[in-house]
Amino acid sequence: MKDGKAETLYHVAIAVRNIDEVEKLYETALGLKVHHREIVEEQGVKSSMLVPEDGGTALELLEPLSDNSPISNFLEKRGEGIHHICFIVDNIQSALNRLKEQGVQLIDESPRLGAYGAKVAFIHPKAMNGVLIELAEMPKK
Ligand code: ZN
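Counting of residues starts from 1 at the beginning of each chain's written sequence and follows it residue by residue. For this predicted model, a pLDDT threshold of at least 70 governs which residues receive local features, and a threshold of 80 or more governs which side-chain atom pairs are given and counted, while totals over whole chains, interfaces and linings are taken from all residues. Computation of side-chain values: all heavy atoms of the structure, hydrogens and water removed.

Details of the overall build of the protein
Here is the rule we go by: Here a helix means four or more residues in a row that DSSP labels H or I, a strand means two or more in a row labelled E, and each is numbered from the N terminus. Any two residues whose heavy atoms approach within 4.5 Å at even a single point are treated as in contact. Positive charges come from Lys and Arg, negative ones from Asp and Glu, while His and the chain ends are left out of the count. Charge positions come from single atoms, namely NZ of Lys, CZ of Arg, CG of Asp or CD of Glu.
A count of helices and strands for the protein gives three helices and eight strands. Reading the secondary structure of the protein in the N-to-C direction produces β-α-β-β-β-α-β-α-β-β-β. For the protein, the C-alpha atoms occupy an extent of roughly 45 × 35 × 25 Å along the three principal directions. For the protein, long-range pairs separated by at least 24 residues make up 56% of all intrachain contacts whose partners lie at least 6 apart in sequence. In the protein, 16 side chains carry a positive charge and 22 a negative one; their mean positions are 4 Å apart.

As for the coordination of the zinc ion
Threshold: The donor set comprises N, O and S atoms within 2.8 Å of the metal, extended to 3.2 Å for Na, K and Ca; water molecules are omitted, so apparent gaps in a site may simply reflect that omission. The rule is simple: four donors are tetrahedral if all their angles sit between 85 and 135 degrees, four are square planar and six octahedral if opposite donors span more than 155 degrees and the others lie between 65 and 115, and anything that fits none of that is irregular. Relative accessibility under 20% of the residue-type maximum defines a buried residue, over 50% an exposed one, and the middle range a partly exposed one, all with a 1.4 Å probe and only protein chains included.
Within the protein, His11 (NE2), Glu60 (OE), His84 (NE2) and Glu134 (OE) serve as the donor atoms for the zinc ion, at 2.1 to 2.3 Å. Around the zinc ion sit four donor atoms; with metal-centred angles ranging over 83 to 173°, the donor geometry is irregular. All donors of the zinc ion belong to a single chain; written as a sequence motif, their spacing is H-x48-E-x23-H-x49-E. Placement of histidine 11 in strand E1 (residues 6–15) and of glutamate 134 in strand E8 (residues 133–137) is noted, with a sequence separation of 123 residues between them. Like glutamate 134, histidine 11 is buried.

Examining the nonpolar core
As a reminder of what qualifies: Side-chain atoms within 4.5 Å are what join buried Ala, Val, Leu, Ile, Met, Phe, Trp, Tyr and Cys residues into a set we call a nonpolar core.
Tyr10, Ile71 and Ala136 are the most contacted members of the largest nonpolar core, which has 18 residues in total. Going through the elements one at a time, E1, strand E3 (45–51), strand E4 (58–64), helix H2 (70–78) and strand E5 (81–89) are the ones with two or more residues in this core. The residues contacting tyrosine 10, other than those within four sequence positions of it, are Met49, Thr57, Ala58, Cys86, Phe87, Ile88, Tyr116, Ala136 and Met138.

Quick word on helix H1 (residues 19–30)
The criterion, for reference: By this rule the span expected of a helix is its residue count minus one, scaled by 1.5 Å. Note that the arc is computed from the directions linking the helix axis to the C-beta atoms. Think of a polar contact as two N or O atoms within 3.5 Å of one another; within protein, one of them needs to be a possible hydrogen donor and the other a possible acceptor, and neighboring residues in sequence only count if both atoms come from side chains.
For H1, spanning twelve residues, the distance from its first C-alpha to its last is 16 Å, which sits close to the expected 16 Å at 1.5 Å a residue. What H1 keeps buried is the set Ile19, Val22 and Glu23. Here the buried residues of H1 occupy an arc of 105° about the axis, which is enough to place them on one side. Those residues of H1 that are exposed and aimed more than 90 degrees away from the buried face are Glu21, Lys24, Thr28 and Ala29. Packing partners of the buried residues in H1 comprise strand E2 (33–40), E3 and E4. At the N-terminal end of H1, a side-chain oxygen is found 3.1 Å from the backbone nitrogen of aspartate 20, two or three residues along, and the residue is asparagine 18. Positive backbone phi, at 75°, marks glycine 31, one or two positions downstream of H1.

Re the sheet that holds E4
The test is simple: Should DSSP find at least two bridges between two strands, the strands are regarded as paired. A fitted line through C-alpha atoms serves as each axis, taken over the contacting stretch for helices, and the angle formed by two N-to-C directions is quoted from 0 to 180°.
Strand order in the open sheet made by the eight strands is E2-E3-E4-E1-E5-E8-E7-E6, with mixed pairing throughout. Every interior strand has two partners, whereas the edge strands, E2 and strand E6 (112–113), have only one. Taken together, the two bridges between E6 and strand E7 (residues 119–123) define a ladder with antiparallel strand orientation. Pairing of arginine 112 across the sheet is with valine 120, part of E7. Across the sheet, H2 is in contact with E1, E3, E4 and E5; its angle to E4 comes to roughly 90°.

A look at the side chain of glutamate 60
For clarity, the cut-off: Salt bridges are counted wherever a side-chain nitrogen of Lys or Arg sits within 4 Å of a carboxyl oxygen of Asp or Glu.
Structurally, glutamate 60 is set in strand E4. The side chain of glutamate 60 sits in the buried core without any salt bridge; arginine 37 is the nearest counter-charge, 11 Å away. For glutamate 60, the side chain forms a polar contact with the side chain of histidine 84, separated by 3.4 Å. Ignoring any residue separated from it by four or fewer positions in sequence, one finds glutamate 60 in contact with His11, Val12, Ala13, Ile14, Ser47, Ser48, Met49, His84 and Glu134.

Next up, the structure:
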């Protein structure tokens, strides 16, 4: 099925000021394990993906690389906290086309490169009850 519907809740992302400290906290407090770390220049962030013991939905920590990062703006306005949630879709372009047809306000009309080689796009939080939603199409193996 290439209909662009959400398949899985992939991760919940938290904006943080110090990714090393927060990694340690979530490892110690909840037993999450760091699965992958990456610098995503295109989005101006350092990303760390933590997973619970039995897998399932991950937690993404996002630290800004500079004051120009969208995460810096978020931290200034709202402080640390939940930044977005991300669903995996099988075909991100179909998903974006469908959303456009439905008149849903998008931040990205076409996908860009996200962490872990995924194609990602964001839906505007105004269109989704105040929640910033990310869609991700994972690289094909
Ligand atoms: Zn994300």
